[in-house]
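Below, each chain spelled out in residue letters.
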Amino acid sequence: MSIYSETLENQKAFFRSGSTLTYSFRISMLKALKSALKQNEDAILDALAADLGKSRFEGYATELGIVYEEIGYLEKHLRRLMRPTKAKTPITQFFSRSYILHEPMGNTLIMSPWNYPLQLTMVPLAGAIAGGNTAIVKPSRYSSSTSLVMKKIISTAFCDDYIALFEGGHETNTALLDLRWDFIFFTGSPAVGRIVHQAAGRNLTPCILELGGKSPVIIDGTADISLTARRLAWGKFLNAGQTCVAPDYALVKKGMAEPLIAAMEKEIKKMFTSDPLSSEDLPKIINEKHYERIKGLIEGSVTSYGGETDDTSLRIAPTLLYPVKETDPVMQEEIFGPVLPIIEYDEFDAALDFIRKREKPLAFYIFSKDRKHISRALSSLSFGGGCVNDTVVHLTAPELPFGGIGNSGMGCYHGRRSFQAFTHDKAIMDKALWLDLPVRYAPFKGKLGLLKRLMR
């Protein structure tokens, strides 16, 4: 028996004991997780800097702070979330009481990526704890410094029979996916998501897949160019573009590309100085493999601004590509780096069609003052979530579901939906003993008229 299957068997026994079911246990475990994170804040921020070159501000704002907010939300609302939900009962089942129990999924697997290694591990883990599950956590091997700190946090706060973390690469992933789980939560690329979905399908295991894709931005002729440039630059170059909801390419009204580029140049210099490769606020690319891939995309395109690289630090300066053709290499894959292709469009419908004929993206953004354009875009395009006149910030709202559709994922979480993601809604009808309507029993002769009156 492998260490993975042994740990899972121990977690199955722990779950069967019923220990995870009570409110007192779940709330205490959420508090234990928060306490362990607080005690290791400096180590976490140092690890994020080592793995991704994140400044302490960015590390806190995009990782620790979001985890704290998620745990805080679940702590505040957990008792209400755990309560049975009342449901209406049809008159044909008079007299009955209907309700929904929110039961834990059971023994869960959480597989997280390297780009936001703390946030995208701990936010789903908080949902698993709130839902009353056990969990085995498998972070990415690429963000090894953060994985090491998270292993310390989890082993300090929890016993392995409840929550455990395994480091490793492809072999560990394969070994874990070969086991039978009650639920799998995966965040990563669509390519790996397909592998996870296949593995889950072998045992009919439910799963949530948080994937990615080429998230578009439309900038129409009414947009405030100065504000658009500032918010677009912030969202695109956050974490050096290594964000699953980062704007991947911009569709700009004809004649506005050059004003946008000029405005973005100003904003980039404000944020990262005129020498961005030396800026402590510009993160690095996670590893040499991804660094070389992004460099190749730049070299195959026309650079309008930026494009500087540093092979030693694995930093790539914020880069604007223009003009860009639909057939260029940079438009064939998710960039996941600090590179923004800009394409001009003639008519608004052409921009919508450009997006519609591609895979459904995880995020969509539109910058406009034209409410008709905004309404048409939001109603006619299919995407996971997004913003009007901003980028990325929709994922910071606990009341908004975060997740993709189609190629960009399935299922959602954040806030109450994190609890819902890790629980099963069990429908119950509690029937009275003192009344038993005879209409449902055979013989049925002469009863159809009454049935029609009741069921209409």
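Residues numbered from 1 in each chain as written. Predicted model: local features only at pLDDT ≥ 70, side-chain atom pairs only at ≥ 80, totals over all residues. Heavy atoms only, no water.

Observations regarding the overall build of the chain
Helices and strands together make up the secondary structure of the chain, namely 15 helices and 18 strands. For 456 residues, the compact-globule estimate of 2.2 N^0.38 gives 23 Å, and the chain sits close to it at 25 Å. C-alpha atoms of the chain, sized along the principal axes, occupy 80 × 55 × 35 Å. Looking at the 456 residues of the chain, the share that counts as buried comes to 53%. A sequence separation of at least 24 residues applies to 72% of the contacts in the chain between residues at least 6 apart. Carbon and sulfur atoms provide 55% of the accessible area of the chain, an area that totals close to 20,400 Å². In the chain, which carries 55 positive and 50 negative side-chain charges, the distance between the mean positions of the two groups comes to 12 Å. (Helix = DSSP H or I, 4+ residues; strand = E, 2+ residues; numbered from the N terminus. Rg over C-alpha atoms; globule rule 2.2 N^0.38 Å. Buried < 20%, exposed > 50% of the residue type's maximum accessible area, 1.4 Å probe, protein only. Contact = heavy atoms within 4.5 Å. Areas by Shrake-Rupley, 256 points an atom, 1.4 Å probe, with all protein chains shown as cover. Lys, Arg positive; Asp, Glu negative; His and termini not counted. Charge placed at Lys NZ, Arg CZ, Asp CG, Glu CD.)

With respect to helix 6 (residues 144-157)
The end-to-end C-alpha distance of helix 6 is 20 Å, a good match for the 20 Å that 14 residues give at a rise of 1.5 Å each. Residues of helix 6 that are buried include every one of Thr-146, Ser-147, Val-149, Met-150, Ile-153 and Ile-154, and no others. Each buried residue of helix 6 sits inside an arc of 165° when the element is viewed along its axis, so together they form one side. Of the exposed residues in helix 6, the ones pointing more than 90 degrees away from its buried face are Leu-148 and Thr-156. On the buried face of helix 6, the contacting elements are helix 2 (23-39), helix 3 (41-52), helix 5 (119-130), strand 4 (134-138) and strand 5 (163-165). (Expected span 1.5 Å × (residues − 1). Arc of directions from axis to C-beta.)

Structural notes on the sheet that holds strand 15 (residues 363-367)
Read across the sheet, seven strands follow the order 10-13-14-9-8-15-16 without closing on themselves; strand pairing throughout is mixed. Of all the strands in the sheet, just strand 10 (303-305) and strand 16 (385-388) have a single pairing partner and so form its edges. Each strand of the sheet is rotated relative to its neighbour by a mean of 25°, with strand direction disregarded. Both strand 13 (residues 319-321) and strand 14 (residues 339-345) contribute to a ladder of three bridges, which runs parallel. The residue of strand 14 that forms the bridge with Thr-319 is Val-339. (Pairing = 2+ DSSP bridges. Axes fitted to C-alpha atoms, helices over the stretch in contact; angles between N-to-C directions.)

A short note on helix 8 (residues 190-202)
When the terminal C-alpha atoms of helix 8 are compared, their 19 Å separation across 13 residues agrees well with the 18 Å that a helix rising 1.5 Å per residue should span. Of all the positions in helix 8, only Pro-190, Gly-193, Val-196, Ala-199 and Ala-200 are classed as buried. Those residues of helix 8 that are buried are in contact with strand 3 (107-111), helix 7 (170-177), strand 6 (183-187) and strand 7 (207-210). The first or second residue beyond helix 8 is Leu-204, which carries a positive phi of 50°.

Here's the deal with the pattern of salt bridges
All told, the structure shown has 21 salt bridges when counted by the stated rule. Between Arg-97 and Asp-430 there is a salt bridge whose closest N-O contact spans 3.4 Å. On the criterion of sequence distance, the pair formed by Arg-97 in strand 2 (residues 96-104) and Asp-430 in strand 18 (residues 423-431) is long-range, its members being 333 residues apart. On the accessibility criterion, Arg-97 (49% relative accessible area) is partly exposed. Salt bridges here are not isolated pairs; linked through shared partners, they connect Lys-31, Lys-34 and Glu-75. (Salt bridge = Lys/Arg side-chain N within 4 Å of Asp/Glu carboxyl O.)

A look at the state of the cysteines
By the definition in use, this model includes zero disulfides. The cysteine Cys-207 is free of any disulfide, with Cys-412 supplying the nearest cysteine sulfur at 14 Å. Residue Cys-207 is classed as buried on the basis of its relative accessible area, which comes to 13%. Here Cys-387 is not cross-linked by a disulfide; its sulfur's nearest cysteine counterpart is in Cys-244, at 13 Å. (Disulfide = S-S within 2.5 Å.)

Notes on the packing of aromatic side chains
Counted under the stated rule, the structure contains 15 aromatic pairs. Both rings, one in Tyr-4 and one in Phe-166, keep their centres 4.9 Å apart while their planes meet at 80°; by these two values the pair is edge-to-face. Note that Tyr-4 is positioned in helix 1 (residues 3-16) and Phe-166 in the loop between strand 5 and helix 7, a separation of 162 residues in sequence. A single burial state applies to Tyr-4 and to Phe-166, both of which are buried. Ring geometry for Phe-183 versus Phe-422: centroids 5.0 Å apart, planes at 70°, classification edge-to-face. (Phe/Tyr/Trp six-rings, centres within 6.5 Å; stacked < 30°, edge-to-face > 60°.)

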